[in-house]
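# Coordinate inspection notes
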Amino acid sequence: MVSKSDKKSQVPENDIYDQVIDLARRRGFVWPSSECYGSVAGFIDYGPLGTLLKRRIENLWRQFYVVSEGYYEIECPTIGQEAIYVASGHVGGFADKMCQCPACEEYLRADHVAEAHHVPDASVMNAAALQKAITGLPCPACGEKLENIEVFAFNLMFQTSIGPGSQRKGYLRPETAQGIFVDFGRLLRFYRDRLPFGTVQIGKSYRNEISPRQGMIRLREFTQAEAEIFVHPEEKNHPNFSRYADYSFPLFSSDQQQAGGEAKVYTMKDAVAQKVIANEYVAYYLALTHDLLTSIGVKPEKLRFRQHLPDERAHYAEDCWDAEIRSERFGWVETVGIADRTDYDLKAHAEGSGDSFTVYVQFAEPKRERRRVISANMGVLGPQYRGKAKAIADALATVAPGPDGATVTVDGEEYFVPSHLFEITEQDVDVRGTDVRPHVIEPSYGIDRMIYAVLEHSFDEEEVEGEIRKVMRFPSRIAPVQVAVLPLMTRDGLDTIAREITHTLHAHEILAEYDDSGAIGRRYRRQDEVGTPLAITIDYDTKEDQTVTLRDRDSMKQVRVKIGDLPLLISGLIKGQHNFADLCG
RNA sequence: GCAUCGAUAGUGUAGUGGUCAUCACUAGGCGUUGCCAACGCCUAAACCCGGGUUCGAGUCCCGGUCGAUGCACCA
């Protein structure tokens, strides 16, 4: 989504969108889905290199969240039964009430039309009421009076039916989060009944967008990577905060936005202390997100964090930030949302399902509490009230008795129970803990948008000896092909040695691509264009001394290394444990 | 969805209603080639879809799809 502040941005001169998309299509990163039947807006295919790139980015995400944070991943169905999305509010709230102007055929948001004419509470009206309210109002598009119009709900969820006879409604999930929320009870037990804990999910989500545009930016089927971190509502200091306390980057706070200011650089420590960010948890994941995004190749100067304005923030959210990535074509694009969602989701599912969705938290010290216990004399109550006796006794426990007795209401009838039929005692009990409904910190990543950003930010052109060299400067750990193996000649056994090296690298889980077609320079250029960080070239010296040249994509420099050192050397370079410049020594 | 513009090999393109459509790059094959898009020969490859007008449509008209832009939409 393009942020409000940049809505009117014009297409700038250094817009490389067309070139990036052209390269992505040509070289097998991304293309429109089902082109042979005419593609459908909002659906894309990841080609061979795009899929590799995507997996590598997802795996780096896992390295941050699953391996380092210890938030294990789960996988839930993409189709969910109706009850889930009724409780989550998506069935009711994820729909827009729309109508179509009979005169100009424009689709309109019915509540917006009503609000524009100061109809009170338009946003909470049902379809019938809205229909009444806007009949006779002028169409905002053509000015004709709206007559005989029908207000209908356009739900952004794809609907389907489960089983034969379409008895059960199902929805394609509009976000992965709900799968984690509804599993809360199981997850809590998995994490042995203690807060905080987190769970993540990477997978497809679906939204039937009215009019998707902007290539891979707004899709009808997209990949999300979401983390749901369950924390004690009063303990929002992150246990590991020191890791990012001094980490700094630009924050565009809601105050700054409203004052017409710019994003300002803060350390996380200061941002929390000055209450720019609500708490350490949110700050920690802002920083982690900055760390993660720059690791996959988002340029730091094209990354900022924008706080939601009070009116765009969901009513339940305590704080909400978007990581926005600068695209020359689209402006600042929302790519990651990080929110403190409080207990909204768990409460909704507790109400919807009847389960508690709480954690029993023990106090450090048991608290002594004075408790009033009312015990009824069932020997008398039983014969007197028969079937109602139990209900009356239970009801007694909840009322404040008068001096003569207590009046209770059971099944709509009042009963007076005289005081000699029950006994009130006061007891001191040890209360060892309490049921707590956790708050949820949710970092939610749009993987497809991250991939687009990486493509755009990695794309580079430079002039080399009068020719334009196109090069994707992917960080080596996310590059689809990790190393190219190129025999200088296809004869005298050079190709055989090259194939052996390729196989050895494969055995070390390195994705090496063998290529012997065409001149060596052409092969380097081909690999540059798909961002392969390293190339090994086998020449006649190889046969003499078992060495090859290793070429660096970015500097085009070469260094001679022993064949036997290749697997370790290359894995080290790919993981960033050492860099190419050091080899040149 | 509305409006404007566009759509020809993988890419970029040429193409007065009149021969199974131009050129370049790319790709594949063979040869040559001692490290940054070398060269020679050969090969493959396209008029977005559906109607209409016409003897004849890549070309004109209508509708659709997709894309770009503006508006609207974007829990």
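Refer to the structure printed above.
Just so you know, these numbers come straight off a predicted model, no measurement behind them.

### A word on the protein's contact with RNA strand B
Not every one of the 43 residues close to RNA strand B is listed here, only the nearest: Ser39, Phe94, Arg109, Arg207 and Gln558. Among atoms of RNA strand B positioned within 4 Å of the protein, sugar and phosphate together represent 54%. Contacts to RNA strand B include Tyr524, whose side-chain N or O atom sits 2.6 Å from a base oxygen. In this structure, a base nitrogen belonging to RNA strand B sits 2.8 Å away from a side-chain N or O atom of Arg551. Sorting the residues of the surface near RNA strand B by element identifies helix H1 (17-26), strand S6 (107-109), strand S23 (467-472), helix H17 (520-529) and strand S27 (547-552) as the ones contributing at least two each. With 6 residues, H17 is the single largest residue contributor to the surface near RNA strand B.

### Some remarks on the pattern of salt bridges
Opposite charge on two side chains makes pairing possible when the charged atoms of those side chains draw close. Overall, the coordinates contain 33 salt bridges when judged by the stated rule. Here Glu529 ties to Arg27 by a salt bridge, and the two come within 2.7 Å at their closest N and O atoms. Here Glu529 is found in helix H17, whereas its partner Arg27 is found in the loop between H1 and strand S1 (30-32), with 502 residues between them in sequence. A salt bridge links Arg304 to Glu324, with the nearest nitrogen and oxygen atoms 2.8 Å apart. You can see Arg304 sitting in strand S14 (residues 303-307) and its partner Glu324 sitting in strand S15 (residues 319-327), a full 20 residues away along the chain. Assigned by exposure class, Arg304 and Glu324 land together as buried. Here the residues in one salt-bridge network are Asp460, Glu462, Arg469, Arg473, Asp528, Arg551, Arg553 and Asp554, joined through shared partners.

### Considering the packing of aromatic side chains
Enumeration according to the criterion identifies 26 aromatic pairs in this entry. Aromatic side chains Tyr191 and Phe197 sit 4.8 Å apart centroid to centroid with 20 degrees between the ring planes, which places their arrangement in the stacked category. Each member of the pair, Tyr191 together with Phe197, is buried. Measuring from centroid to centroid gives 5.2 Å for Tyr244 and Tyr284, while their planes differ by 70 degrees, and the two rings are edge-to-face. Of the two residues, Tyr244 is situated in the loop between strand S11 (221-231) and strand S12 (248-252) and Tyr284 in helix H11 (residues 280-295); the sequence distance between them amounts to 40 residues. We note that Tyr244, like Tyr284, is buried. In textbook terms, an aromatic cluster arises when at least three aromatic residues are bridged by ring pairs, as seen for Trp61, Tyr65, Tyr71, Tyr244, Tyr247, Phe249, Tyr281, Tyr284, Tyr285, Phe305 and Tyr445.

### As for the sheet that holds strand S10 (residues 197-206)
One open sheet holds the 9 strands; their spatial order is S3-S10-S11-S21-S16-S15-S14-S12-S13, and the pairing between them is mixed. At either end of the open sheet lies a strand with only one pairing partner, and these are strand S3 (72-73) and strand S13 (264-267). Bridge count between S11 and strand S21 (residues 439-446): 6 bridges; the pairing is antiparallel. By the bridge assignment for S21, Val231 is matched with His439. Packed onto the sheet, H11 meets S11, S12, S14, S15, strand S16 (331-340) and S21 and runs at close to 140 degrees relative to S16.

### A word on the nonpolar core
Phe29, Tyr65, Leu251, Tyr285 and Leu455 are the most contacted members of the largest nonpolar core, which has 74 residues in total. Top element by residues in this core is H11. It accounts for 10 residues. Once you skip the residues sitting within four places of it in the chain, Tyr65 turns out to touch Gly70, Tyr71, Val200, Ala227, Tyr285, Leu288, Thr289, Leu292, Pro443 and Tyr445. The next biggest cluster of nonpolar side chains, apart from the first, holds 23 residues, and it includes Ile501, Leu534, Val548 and Val559.

### A short note on the packing of H1 against helix H15 (residues 447-458)
Interaxial distance between H1 and H15 falls to 10 Å at its minimum, and their mutual angle equals 110 degrees. As the angle between them shows, H1 and H15 are arranged roughly perpendicular. When H1 is examined against H15, the residues Tyr17, Val20, Ile21 and Ala24 are found in contact with a partner set consisting of Tyr452, Leu455 and Glu456. Residues that form the contact of H1 with H15 fall into these classes: 6 nonpolar, no polar and 1 charged.

### Focus: the pairing of S10
The buried count for S10 comes to 9 of 10 residues, which makes it a mostly enclosed element. Sheet topology places S3 next to S10; 2 bridges connect them, and they run parallel. By the bridge assignment, Glu73 is partnered in S10 with Val200. Judged from the 10 bridges that link them, S10 and S11 form a sheet pairing that is antiparallel.

### Looking at unusual backbone geometry
Glycine aside, negative phi is the norm for most residues, and most peptide bonds take the trans geometry. Residue Pro196 is reached from Leu195 by a cis peptide bond, and omega for that bond is -10 degrees. Mapped onto the secondary structure, Pro196 falls in the loop between helix H8 (184-190) and S10. If you check the backbone angles, Lys275 has positive phi at about 60 degrees while not being a glycine. When you line up the elements, Lys275 lands in the loop between helix H10 (268-273) and H11.

### Description of H15
The terminal C-alpha atoms of H15, which comprises 12 residues, lie 16 Å apart, in line with the 16 Å expected from a rise of 1.5 Å per residue. Judged by how many residues are buried, H15 sits mostly within the fold: 12 of 12 residues are covered. Considered for burial, the residues of H15 that qualify are Ile447, Asp448, Arg449, Met450, Ile451, Tyr452, Ala453, Val454, Leu455, Glu456, His457 and Ser458.

### A closer look at the environment of Ala395
Counting through the fold element by element, Ala395 comes out in helix H14 (residues 389-396). For Ala395, a relative accessible area of 14% gives the class buried. Counting along the chain gives 15 residues from Ala395 to Val410, while the straight-line C-alpha distance between them is 7.4 Å.

Conventions we followed
- Residues numbered from 1 in each chain as written.
- Chains lettered and ligands numbered in written order.
- Predicted model: local features only at pLDDT ≥ 70, side-chain atom pairs only at ≥ 80, totals over all residues.
- Heavy atoms only, no water.
- Near = heavy atom within 4 Å.
- Polar contact = N/O pair within 3.5 Å; in protein donor to acceptor, adjacent residues only side chain to side chain.
- Helix = DSSP H or I, 4+ residues; strand = E, 2+ residues; numbered from the N terminus.
- Salt bridge = Lys/Arg side-chain N within 4 Å of Asp/Glu carboxyl O.
- Buried < 20%, exposed > 50% of the residue type's maximum accessible area, 1.4 Å probe, protein only.
- Phe/Tyr/Trp six-rings, centres within 6.5 Å; stacked < 30°, edge-to-face > 60°.
- Pairing = 2+ DSSP bridges.
- Contact = heavy atoms within 4.5 Å.
- Axes fitted to C-alpha atoms, helices over the stretch in contact; angles between N-to-C directions.
- Core = buried A, V, L, I, M, F, W, Y, C linked by side-chain atoms within 4.5 Å.
- Parallel < 35°, antiparallel > 145°, perpendicular 65-115°, else oblique.
- Nonpolar A, V, L, I, M, F, W, Y, C, P; charged D, E, K, R; others polar.
- Expected span 1.5 Å × (residues − 1).

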